[in-house]
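# Tertiary structure, described
What follows is each chain in one-letter form.
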Amino acid sequence: MMHQAARKCLPKVAGSRRLGYTLIEVLVAVGIVSMLMTAAAVALQTMYRVDRQLKDNMAYGQVSPRLSLQLRIDVHSATDITMLEGPNETDGLSLTLATTGERIEYRSEVGRIVRTRRLEEKVLGREVYYLGKTATFRWTKTSHPSPRVELEIVRLMGKIDSADARQVDRVVAAIGIRNRYEEEGVADASNE
């Protein structure tokens with residue numbers, strides 16, 4: 001008690017200032033900074049996600065037409081087509097070309113299709129068509145009304161109103177149509 005009384009008796013020095021910050025002021029500053037950092041992290045994450053989706057869409061827009069054209073050319077030139085079985089029912093197809101006797105295989109993998117050209121057991125070439133991590137593939141072969149192969153590509157585009165938005169593309173090609181036109185003497189059948 002004596003100590004407090006002695007303190008009260010001491011005169012205040014003119015112009016004295018408070019040194020440091022109170023605990024409340026420090027906590028408020030830390031709270032504001034943490035809210036700003038959280039908002040910046042969320043904005044950056046959103047920006048990177050949108051950038052990744054945009055790059056995937058652009059890559060798909062470039063790869064999909066190349067795959068469609070090559071598949072149509074191969075199927076039009078084929079004399080024999082065999083569906084390849086795998087863990088996902090039909091994982092691709094194997095074609096035999098009339099002109100060269102080559103075998104061309106299209107295999108579905110996660111997010112991509114791999115095209116392999118073979119002559120007997122020797123691999124002549126390999127192409128990979130990357131169509132995005134969310135892409136799934138379904139191969140079908142029909143014989144009515146005319147023999148054809150269909151590739152269905154389904155891509156998950158994100159969520160719209162809590163439902164999955166999907167993009168579905170189909171590539172349909174008539175089997176051996178180039179061979180039939182050549183037999184009939186027609187020069188070019190690549191437009192079908």
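Since the structure is predicted, the reported quantities are computational estimates derived from the model, not experimental observations.

## Topic: the overall build of the protein chain
Of regular secondary structure, the protein chain possesses three helices and eight strands. Counting the 192 residues in the protein chain, one finds 27% classified as buried. For the protein chain, the proportion of contacts with a sequence separation of at least 24, taken over those separated by at least 6, is 35%. Counting only carbon and sulfur atoms, one obtains 58% of the accessible surface of the protein chain, whose full area is about 13700 Å².

## Side note on unusual backbone geometry
Unusually for a residue other than glycine, E120 sits at a positive phi of about 60°. Inspection of the secondary structure assignment puts E120 in the loop between β4 (112-119) and β5 (122-130). Exposure remark for E120: the relative accessible area of 70% places this residue in the exposed category.

## What about the pattern of salt bridges?
Overall, the coordinates contain nine salt bridges when judged by the stated rule. With its nearest N and O atoms 2.8 Å apart, the salt bridge here joins D74 to R115. Highlighted residues: D74 in helix α2 (residues 23-77) and R115 in strand β4, separated in sequence by 41 residues. On the accessibility criterion, R115 (5% relative accessible area) is buried. Its salt-bridge partner being D80, residue R103 comes within 3.9 Å of it at the nearest N-O pair.

## What to know about the side chain of R155
The topology assignment puts R155 in strand β7 (residues 148-160). Here R155 occupies a buried position and makes no salt bridge, while the nearest side chain of opposite charge, D56, is found at 5.7 Å. Here N57 takes part through its side chain, which lies 2.9 Å from a polar atom of the side chain of R155. A polar contact is formed between the side chain of R155 and the backbone oxygen of L131, at a distance of 3.5 Å. Leaving out residues up to four positions away in the same chain, R155 has contacts with D56, N57, Y60, L131, T134, A135, A165, R166 and Q167.

## Side note on the packing of aromatic side chains
Counting across every chain of the model gives one aromatic pair. Across the ring face of Y60, the terminal group of R155 is positioned such that the distance to the ring centre comes to 4.1 Å.

## Brief notes about the nonpolar core
The nonpolar side chains of a soluble globular protein tend to be buried with one another. In this structure, Y106, L131, W139 and L151 are the most contacted members of the largest nonpolar core, which totals 24 residues. Going through the elements one at a time, α2, β1 (78-86), β2 (89-97), β3 (103-109), β6 (136-142), β7 and β8 (163-174) are the ones with two or more residues in this core.

## Considering the environment of E102
Tracing the chain through its elements places E102 in the loop between β2 and β3. Residues E102 and L119, 17 residues apart in the sequence, show an inter-C-alpha distance of 4.9 Å. Excluding residues within four positions of it along the chain, E102 makes contact with L95, T96, L97, R117, R118, L119 and L124. At 3.0 Å, the side chain of E102 and the side chain of R117 are in polar contact.

## Observations regarding the pairing of β3
Inspection of the sheet shows β3 paired to β4 by seven bridges, in the antiparallel sense. Opposite R103, over in β4, you have R118 as the bridge partner.

## Considerations on the confidence of the model for the protein chain
Here the protein chain averages 80 in pLDDT, and 78% of its residues register 70 or above. The low-confidence segment residues 185-192 (pLDDT under 50) makes nine contacts with residues lying over four places distant or belonging to another chain.

## Things to note about the environment of I153
Locating I153 in the fold gives a position in strand β7. Along the primary structure I153 and R138 are separated by 15 residues, whereas in three dimensions their C-alpha atoms are 6.8 Å apart. When residues no more than four places from it in sequence are discounted, the contact partners of I153 are Y60, L67, L131, A135, T136, F137, Q167, V168 and D169.

About the thresholds
- Residues numbered from 1 in each chain as written.
- Predicted model: local features only at pLDDT ≥ 70, side-chain atom pairs only at ≥ 80, totals over all residues.
- Heavy atoms only, no water.
- Helix = DSSP H or I, 4+ residues; strand = E, 2+ residues; numbered from the N terminus.
- Buried < 20%, exposed > 50% of the residue type's maximum accessible area, 1.4 Å probe, protein only.
- Contact = heavy atoms within 4.5 Å.
- Areas by Shrake-Rupley, 256 points an atom, 1.4 Å probe, with all protein chains shown as cover.
- Salt bridge = Lys/Arg side-chain N within 4 Å of Asp/Glu carboxyl O.
- Lys, Arg positive; Asp, Glu negative; His and termini not counted.
- Polar contact = N/O pair within 3.5 Å; in protein donor to acceptor, adjacent residues only side chain to side chain.
- Phe/Tyr/Trp six-rings, centres within 6.5 Å; stacked < 30°, edge-to-face > 60°.
- Lys NZ or Arg CZ within 6 Å of the ring centre and 35° of its normal.
- Core = buried A, V, L, I, M, F, W, Y, C linked by side-chain atoms within 4.5 Å.
- Pairing = 2+ DSSP bridges.
- pLDDT = per-residue confidence, 0-100.

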